[in-house]
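# A closer look at the structure
This is what each chain is made of:
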Amino acid sequence: LETDLTKIDFNKIGSYEIHINVEGKSYKSHLNIVDTTPPKADIVNFEIWQGETVEPSSFVRDIEDLSPVNVSYEVMPDFAQVGEQVVNIQLVDDYGNTSNLQPLLTIKEDKEPPVIHGVDNKTIYIGESLSFRSGVTVTDNRDEKVDYKVDSSKVNLKKKGTYNVVYTATDSSGNTATKTSVITVKELIVTEEMVSNLCKDILASITSEGMTKREVAKKIYDWVKAHVSYTGSSDKSDWLKEAYKAITKGVGDCFTYFAISQALLNEAG
């Protein structure tokens, strides 16, 4: 034998040229290493929702073979059928060796509606704004994200009354959930005493005994500048209401700045 067989990897598929010497004459032959062993793999049982699909390769793992293996369905599963069904998976390597596996497919039906969180009854005063989506979220047993709709068409924030806001969420399976929030709109009646008490608390926190009136006025100016944001709107019919809004809401326009400044300056004497 002229060919060194120790240099051939008998675990590797292929064709190798072999030279043999018989009575001084050299002959050429071929050694073909072939694969006749079917592929092996572990079965993976799978669980999905009705209407979803899954690739055949998801049903197997740890495939063992000397050549690449193609994984396919012998018969396509019925992905609309709820319940358990045996799936026929076929493994075929490059040499035509075939294995058949039968994992279990479980298809679940989603009948559970989404859950709407953060829908609460609210009370506001005429002229105030309201974000109907603030704090509202939706969770679902199947879908990671579910959008929701808000019907606030019947709410009039400029008129006293009780109004319903309806929240609706529908998941990908068609399950629908609704929740209703009751919005009560009231008329705000602000008195001088209410504003005076609030101003006293503010002055107690920003001034100290022994300050001059000029120093107190500067503290008031600084507080108003830091605590009231400009929004470009105000109720110019009632300066007390605007002073109250500046303290409780921290928004307004130039009239609001005037109103809260007057209230604080008056309270400070």
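Up top is the structure.
These remarks concern the structure in this document. Note that the structure is predicted; figures quoted are calculated from it, not measured.

## Quick notes on the sheet that holds strand β9 (residues 98–101)
- Reading across from one edge, β6-β8-β9 is the order of the three strands in this open sheet, with antiparallel pairing throughout. Unpaired on one side and paired on the other, β6 (69–73) and β9 mark the two borders of the sheet. The average angle at which neighbouring strand axes cross in this sheet is 20°, direction not considered.

## Description of the pairing of strand β10 (residues 104–108)
- Alignment of strand β4 (residues 46–49) against β10, held across four bridges, turns out to be parallel. Across the sheet, Glu47 pairs through a bridge with Thr106, a residue of β10.
- Alignment of strand β7 (residues 83–86) against β10, held across four bridges, turns out to be antiparallel. Along β10, the bridge assignment pairs Val86 with Leu104.

## Quick look at the side chain of Asp110
- Relative to the helices and strands, Asp110 is located in the loop between β10 and β11 (115–117).
- A distance of 3.2 Å separates a polar atom in the side chain of Asp110 from a polar atom in the side chain of Asn141.
- What Asp110 contacts, discounting residues up to four positions off in sequence, is Trp49, Asp140, Asn141, Arg142, Asp171, Ser173 and Asn175.

## Points about the pattern of salt bridges
- One pass over the structure, following the stated rule, counts six salt bridges.
- For the salt bridge of Lys111 with Glu109, the shortest nitrogen-to-oxygen distance reads 3.9 Å.
- Classification of Lys111 by relative accessible area gives exposed; the value is 62%.
- The class for Glu109 is partly exposed, based on a relative accessible area of 41%.

## Brief notes about the packing of helix α2 (residues 213–227) against helix α4 (residues 254–267)
- Orientation of α2 relative to α4, taken along the N-to-C sense of each, is 145°, at an axis distance of 10 Å. The handedness of the crossing between α2 and α4 is right-handed. Each of Ala217, Ile220, Trp223 and Val224 in α2 lies in contact with α4, whose residues at this interface are Tyr257, Ile260, Ser261, Leu264 and Leu265.
- When the residues that make up the contact of α2 with α4 are grouped by side-chain class, the tally is eight nonpolar, one polar and no charged.

## Things to note about helix α3 (residues 239–248)
- For α3, the set of buried residues is Leu240, Glu242, Ala243, Tyr244 and Ala246.
- The elements touched by buried residues of α3 are α1 (192–206), α2, β18 (251–252) and α4.
- Of the residues flanking the start of α3, the one acting as N-cap is Asp238, its side-chain oxygen 3.0 Å from the backbone nitrogen of Leu240.
- At the exit of α3 stands Gly250, carrying a positive phi of roughly 75°.

Definitions and limits used
- Residues numbered from 1 in each chain as written.
- Predicted model: local features only at pLDDT ≥ 70, side-chain atom pairs only at ≥ 80, totals over all residues.
- Heavy atoms only, no water.
- Pairing = 2+ DSSP bridges.
- Helix = DSSP H or I, 4+ residues; strand = E, 2+ residues; numbered from the N terminus.
- Axes fitted to C-alpha atoms, helices over the stretch in contact; angles between N-to-C directions.
- Polar contact = N/O pair within 3.5 Å; in protein donor to acceptor, adjacent residues only side chain to side chain.
- Contact = heavy atoms within 4.5 Å.
- Salt bridge = Lys/Arg side-chain N within 4 Å of Asp/Glu carboxyl O.
- Buried < 20%, exposed > 50% of the residue type's maximum accessible area, 1.4 Å probe, protein only.
- Left-handed = near helix turned anticlockwise from the far one by under 90°.
- Nonpolar A, V, L, I, M, F, W, Y, C, P; charged D, E, K, R; others polar.

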